[in-house]
Amino acid sequence: MNIATSVPTDITPKGTDYDTVSRVIEMLTEDYRDQPSLETVAHRLKQSPTQLQKVFTRWAGLSPKAFLQAVTLDHAKRLLRQEDMPLLETSIEVGLSGPSRLHDLFVTHEAMSPGEWKARGLAGLAFNDGGGEQASFEDMAQRWPNASYIEDSAATAYYAARIFDPSRWRQEEPLRIFLIGSDFQIRVWQALLKIPLGCATTYSNIAGTIGQPTASRAVGAAVGRNPISFVVPCHRALGKSGDLTGYHWGLTRKRAILGWEAGKAADGTI
């Protein structure tokens, strides 16, 4: 028995569709600064915009415009983070008319402004005892239930080294952190950052510092919700009478940290 079969040209690796998609990807990747429109790309490939849109979307899983936005966003992130380029210059460099279009691009795809994205850094740091890793993670993850989490041991090790090795504490190379909370919480956490190492203060003093002298209890609650242990030194906040009061990661750990910091401050090693 002889059976004859045929394979449509649009699903073979070297078929017409493959060539089209490959050329569009190459064109958008190389010419993203020109922000070419669908019509421009179609004209260069001598195809109709409608057909090109259908073919590219079917095979790439997104439209040419969405692909161009992804390429543009990737380059913008590199310029903002690695080269510390200002927003206006970044906008121009990636072919956008101004910061407003860059802002729209980031808000659409990252749910934050380019300025907020540029300022991103360490958002959470928790202590845990051996065997309590999962519980510690769940405790932190519930703060941001809509976030996606990816385990990255290399990145975690880098931050741990920067945070807990005093020899790497350099004023000219500050650790980048990103505070996520209500306006009141962030004001409290920023006040905590101003408490010198080896010192401590009270909730009432912090309340006065942020211009809310009657809000000691609210300050205490905000201190207890600090998501970045040790770096944002909530352990330096005490009760009115100087009591250690509570600490999310345990009073024993709070005593140990305060004692360690006092010793470092006294001998001048930090």
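Residues numbered from 1 in each chain as written. Predicted model: local features only at pLDDT ≥ 70, side-chain atom pairs only at ≥ 80, totals over all residues. Heavy atoms only, no water.

Visitor: Looking at this structure, I do not really get the packing of helix α1 (residues 16-30) against helix α4 (residues 64-81). What am I missing?
Guide: Each pair of packed helices can be summarised by the angle the axes make with each other and by the distance between the axes. For the pair α1 and α4, interaxial distance at closest approach is 9 Å and the crossing angle is 40°. It follows that α1 is oblique to α4 by the angle criterion. For the pair α1 and α4, the crossing hand works out as right-handed. Of α4, the residues touching α1 (which contributes I25, L28 and T29) are P64, F67, L68 and V71. Its residues assigned to classes, the contact of α1 with α4 shows 6 nonpolar, 1 polar and no charged. (Axes fitted to C-alpha atoms, helices over the stretch in contact; angles between N-to-C directions. Helix = DSSP H or I, 4+ residues; strand = E, 2+ residues; numbered from the N terminus. Parallel < 35°, antiparallel > 145°, perpendicular 65-115°, else oblique. Left-handed = near helix turned anticlockwise from the far one by under 90°. Contact = heavy atoms within 4.5 Å. Nonpolar A, V, L, I, M, F, W, Y, C, P; charged D, E, K, R; others polar.)

Visitor: Can you walk me through helix α12 (residues 216-224) in this structure?
Guide: An α-helix turns once every 3.6 residues. As a result, residues three or four positions apart point the same way. Buried residues of α12: V219, G220, A222 and V223, and no others. Within α12, the buried residues cover an arc of 165° as seen down the axis, which keeps them to one side. (Buried < 20%, exposed > 50% of the residue type's maximum accessible area, 1.4 Å probe, protein only. Arc of directions from axis to C-beta.)

Visitor: Would you mind showing me how to read the layout of surface pockets here?
Guide: Considered as a void within the structure, the largest pocket measures approximately 1800 Å³ in volume. Lining the largest pocket are 38 residues; nearest its centre among them are L122, G124, Y149, I150 and T156. Listed by contribution, the elements that provide at least two residues to the lining of the largest pocket are α8 (133-141) and α9 (153-164). In terms of residue class, the lining of the largest pocket is built from 21 nonpolar, 9 polar and 8 charged. (1 Å grid on protein atoms, 1.4 Å probe; cavity = no way out; pocket = protein on both sides within 12 Å on 5 of 7 lines; lining within 4 Å. Points joined across faces, edges and corners; volume = space filled by probe spheres on them.)

Visitor: Looking at this model, I keep getting lost on the packing of helix α2 (residues 38-45) against helix α3 (residues 49-60). Mind explaining?
Guide: Across the interface, α2 lies against α3 with an axial gap of 9 Å and an inter-helix angle of 95°. Regarding the angle of α2 to α3, the classification is roughly perpendicular. Contacts between α2 and α3 involve L38, E39, V41, A42 and L45 from the former and P49, L52 and Q53 from the latter. Among the residues making up the contact of α2 with α3, the classes are represented as 6 nonpolar, 1 polar and 1 charged.

Visitor: Explanation requested: the pattern of salt bridges in the structure shown.
Guide: Where side chains of opposite charge bring their charged atoms close, a pairing between them can arise. All chains considered together, the criterion is met by 8 salt bridges. Taking the shortest distance from any N to any O, the salt bridge between E83 and R78 comes out at 3.0 Å. Taking the relative accessible area as the measure of exposure, E83 reaches 45% and is therefore partly exposed. R78 sits in the partly exposed class, given a relative accessible area of 28%. (Salt bridge = Lys/Arg side-chain N within 4 Å of Asp/Glu carboxyl O.)

Visitor: Could you clarify how one ought to interpret the packing of aromatic side chains in this entry?
Guide: Two aromatic rings are characterised by how far apart their centres lie and by the angle between their planes. Counting across every chain of the model gives 11 aromatic pairs. Considering the side-chain rings of F230 and W260, the 6.2 Å spacing of their centres and the 50° angle between planes classify their relative orientation as tilted. With F230 in the loop between α12 and β2 (237-238) and W260 in helix α13 (residues 251-267), the pair connects residues that are 30 residues apart, well separated along the chain. With a centroid separation of 5.5 Å and 65° between ring planes, the pair formed by Y247 and W249 is classed as edge-to-face. The pair formed by Y247 and W249 is uniform in burial state, with each residue classed as buried. In textbook terms, an aromatic cluster arises when at least three aromatic residues are bridged by ring pairs, as seen for F127, F164, W169, F230, Y247, W249 and W260. (Phe/Tyr/Trp six-rings, centres within 6.5 Å; stacked < 30°, edge-to-face > 60°.)

Visitor: Is there a simple way to explain the confidence of the model for the chain in this structure?
Guide: The predicted model of the chain has a mean per-residue pLDDT of 89, with 94% of residues at 70 or higher. Low pLDDT, under 50, characterises residues 1-14; the stretch is placed with 10 contacts to residues that sit more than four places away or in other chains. (pLDDT = per-residue confidence, 0-100.)

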